[in-house]
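Breakdown of the fold
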Amino acid sequence: MTGKSLRKPGPKGQKRADHLMEVAIDLFSERGYSAVTIQDITERAGVAHSLVYYHFKNKEELFNKAVNNLIDKQIRQYQASLQQHTDPIELIEKWIQYNIDHSTVLMKLVRIMFDRSISRDATPFARDAIRHFYDEEHNILSRNVARGVRQKQFRQVDPDSMASFISTHIDGVFYGACTQEDFDIRNEMERMRNTLWKILYDHKETIA
């Protein structure tokens, strides 16, 4: 292991690295990994090439760290918001609302995921980070569906199957938003929400 890999940036250095990762995410989501160069990133960020290579070994490492950073940030933000709720209905509602409120950032992640899924040069690190995101989402949803079933708030359903159902439909909404003009994420999320409660809950009208 080299000295460079052991170096931890100070607050200013970390701020610069975070800025580079944010710019990289924007470009990777707009153009795809293969079409983006280090020069594209430095021009958009307004920095010299040397600054990129000070923090990252190459474009691949920048991509991997940027994706992992974005995923970890989204998971941490949602987990922090969960501390305010204990009711499984509120928690699932919060997850759906979180996806609506953070749709701009999440759409970037969806575009990157799609680009990587069809690319032959997708790195194991990126695949692992994306898998981690889906695993965390599945665990959050499955755990709260199971809690609702135990508390007799929900019908007897399989928590893992329901978690997969919700996750797949959220993905569908975001892919629709990426590929169709004038796609209303909020409206489509609301449709999904209504369908979900019809499946889970016997008396939807009492849920507010």
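Scroll up a little and you will see the structure.
Model, not experiment: these values are computed from the prediction.

As a further point, take the overall build of the protein chain. Along its length, the protein chain carries 10 helices and 0 strands. Reading the protein chain from its N end, one meets helices and strands in the order α-α-α-α-α-α-α-α-α-α. Counting only residues that meet the buried cut, the protein chain has 43% of its 208 residues in that class. If you take every contact in the protein chain between residues at least 6 apart in sequence, the share linking residues at least 24 apart comes to 66%.

The next thing to look at is the packing of helix α5 (residues 59-82) against helix α7 (residues 103-117). Between α5 and α7, the least distance of the axes is 11 Å, while the angle of their chain directions is 135 degrees. The pairing of α5 with α7 is recorded here as oblique in orientation. When the axes of α5 and α7 are compared, the crossing they make is left-handed. Here α5 contributes Phe63, Val67, Leu70, Ile71 and Gln74 to the contact with α7, which in turn contributes Val105, Leu106, Leu109, Ile112 and Arg116. When its residues are assigned to classes, the contact of α5 with α7 shows 8 nonpolar, 1 polar and 1 charged.

If you check α5, its first and last C-alpha atoms are 35 Å apart, about what 24 residues at 1.5 Å a residue would give, namely 34 Å. The N-terminus of α5 is capped by Asn58, whose side-chain oxygen sits 3.2 Å from the backbone nitrogen of Glu60.

What follows concerns the nonpolar core. Ranked by internal contacts, the top residues of the largest apolar core, which has 61 residues, are Phe28, Ile41, Ile71, Phe133, Phe154, Phe174 and Met189. Looking at this core element by element, the count peaks at 9 residues for α5. Sequence-distant contacts of Phe133, defined by excluding residues within four places in its chain, comprise Ile71, Ile75, Leu106, Leu109 and Met113.

With that settled, consider the packing of aromatic side chains. Remark: the centre distance and the inter-plane angle together describe each pair of aromatic rings, the angle taken between the planes. With the rule as written, the count across this model stands at 7 aromatic pairs. For the ring pair Trp95 and Tyr98, a centre distance of 6.2 Å and an interplane angle of 10 degrees mean the geometry is stacked. Of the two residues, Trp95 and Tyr98 are both situated in helix α6 (residues 88-101); the distance of 3 residues between them amounts to about one turn of the helix. By relative accessible area, Trp95 is classed as buried at 5%. Ring pairs connect the aromatic residues Phe28, Tyr33 and Phe63, which therefore count as one cluster.

What counts, and where the lines are drawn
Throughout, residues of each chain are indexed from 1 in the direction in which the sequence is written. Side-chain atom pairs in this predicted model are given and counted only at pLDDT of 80 or more, local residue features only at pLDDT of at least 70, and totals for whole chains, interfaces and linings cover all residues. Side-chain measures here rest on the full set of heavy atoms in the structure, leaving out hydrogens and waters. Every helix listed is a DSSP run of H or I at least four residues long, and every strand listed is a run of E at least two residues long, numbered separately from the N terminus. Here's how the labels work: a residue is buried when its accessible area is under 20% of the maximum for its type, exposed when over 50%, partly exposed in between, all with a 1.4 Å probe on protein chains only. When checking whether two residues touch, look at their non-hydrogen atoms; a contact exists if any pair is within 4.5 Å. Axis angles are defined between N-to-C directions and span 0 to 180 degrees, where every axis is a line fitted to C-alpha atoms and, for a helix, only to the segment in contact. Note that the term roughly parallel is reserved for angles under 35 degrees, roughly antiparallel for angles over 145, roughly perpendicular for angles of 65 to 115, and oblique for everything else. With the far helix as reference, a near helix turned anticlockwise by less than a right angle produces a left-handed crossing, and one turned clockwise produces a right-handed crossing. We call Asp, Glu, Lys and Arg charged. Ala, Val, Leu, Ile, Met, Phe, Trp, Tyr, Cys and Pro are nonpolar, and the rest, Gly among them, are polar. To estimate the expected span of a helix, count its residues, drop one, and scale the result by 1.5 Å. Residues adjacent in sequence count toward polar contacts only when both atoms are side-chain atoms; beyond that, a polar contact is any pair of N or O atoms within 3.5 Å, and within protein one must be able to donate a hydrogen and the other to accept it. Put simply, buried Ala, Val, Leu, Ile, Met, Phe, Trp, Tyr and Cys residues joined by side-chain atoms within 4.5 Å make one nonpolar core. Aromatic pairing here means that ring centres of Phe, Tyr or Trp (its six-membered ring) are within 6.5 Å. Orientation follows from the plane angle: under 30 degrees is stacked, over 60 is edge-to-face, and everything else is tilted.

By themselves, these figures tell us nothing about what the structure is for.
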